[in-house]
Amino acid sequence: MPHLSRLLLSAIPVLAIFGLLLLRGSGYEWMAELEPGLDPSAIETDGSRALVRNFLLGAALGTSALMAIAKRTRGAQILPLVWAVLATVAYIFSST
């Protein structure tokens, strides 16, 4: 696999992991600090954030699988495994 395509395939899981980490928590948690009686969970459901998180996880895992399939040697399959594990950990971390 040429070096440029390998670099691009490695960039997709990295960007997806950063996206997962950015989607952590609720977008309305800061409102509870201003108005203590307001419940942030009553304002927003997790629907759109969950959809984007699932898409990012699928993109990271799919790209990692594609990288692992394209590389036939055993040593070259470690990097896609690392990306897949990091994406799964970021997904679990972002959903709490």
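Before reading on, note that the structure itself is shown above.
Cut-offs used in this document
Residues numbered from 1 in each chain as written. Predicted model: local features only at pLDDT ≥ 70, side-chain atom pairs only at ≥ 80, totals over all residues. Heavy atoms only, no water. Helix = DSSP H or I, 4+ residues; strand = E, 2+ residues; numbered from the N terminus. Buried < 20%, exposed > 50% of the residue type's maximum accessible area, 1.4 Å probe, protein only. Contact = heavy atoms within 4.5 Å. Areas by Shrake-Rupley, 256 points an atom, 1.4 Å probe, with all protein chains shown as cover. Axes fitted to C-alpha atoms, helices over the stretch in contact; angles between N-to-C directions. Parallel < 35°, antiparallel > 145°, perpendicular 65-115°, else oblique. Left-handed = near helix turned anticlockwise from the far one by under 90°. Core = buried A, V, L, I, M, F, W, Y, C linked by side-chain atoms within 4.5 Å. Expected span 1.5 Å × (residues − 1).

Enquirer: Summarise the overall build of the chain; cite the residues concerned and give the values.
Expert: When helices and strands are tallied, the chain shows 4 helices and 0 strands. Going from N to C terminus, the chain has its helices and strands arranged as α-α-α-α. Counting the 96 residues in the chain, one finds 25% classified as buried. Contacts in the chain between residues at least 24 apart in sequence constitute 68% of all its contacts with a sequence separation of at least 6. Carbon and sulfur atoms make up 71% of the accessible area of the chain, which totals about 6500 Å².

Enquirer: Could you give me a rundown of the side chain of Ser64, with the residues and numbers involved?
Expert: Take Ser64: it is sitting in helix 3 (residues 47-70). Taking relative accessible area as the criterion, Ser64 reaches 2% and is therefore assigned buried. Beyond its immediate stretch of four places on either side in the chain, Ser64 contacts Pro13, Pro80, Trp83 and Ala84.

Enquirer: Describe the packing of helix 1 (residues 3-22) against helix 4 (residues 78-94), listing the residues and the values that go with them.
Expert: At a closest axis distance of 8 Å, the pairing of helix 1 and helix 4 adopts a crossing angle of 15°. Taken together, the axes of helix 1 and helix 4 lie roughly parallel to each other. Considering the relative orientation of helix 1 and helix 4, their crossing is left-handed. Of the residues in helix 4, those touching helix 1 at Ser10, Pro13, Val14, Ile17, Leu20 and Leu21 are Leu79, Trp83, Leu86, Ala87, Ala90, Tyr91, Phe93 and Ser94.

Enquirer: Break down the nonpolar core for me, with residues and values.
Expert: One recurring pattern in soluble globular proteins is that nonpolar side chains are buried together. Ranked by size, the top nonpolar core spans 12 residues in total: Leu9, Ala16, Ile17, Leu20, Leu23, Leu56, Leu57, Ala60, Met67, Trp83, Ala87 and Ala90. At the level of secondary structure, the elements contributing two or more residues to this core comprise helix 1, helix 3 and helix 4.

Enquirer: Break down helix 1 for me, citing the residues and quoting the values.
Expert: Side chains of residues three or four places apart in an α-helix project in the same direction, reflecting 3.6 residues per turn. Given a rise of 1.5 Å per residue, 20 residues ought to cover 28 Å, and the 29 Å separating the end C-alpha atoms of helix 1 matches this to within 8%. Inspection of helix 1 places Leu9, Ser10, Pro13, Ala16, Ile17, Gly19 and Leu20 among the buried residues, and these make up the whole buried set.

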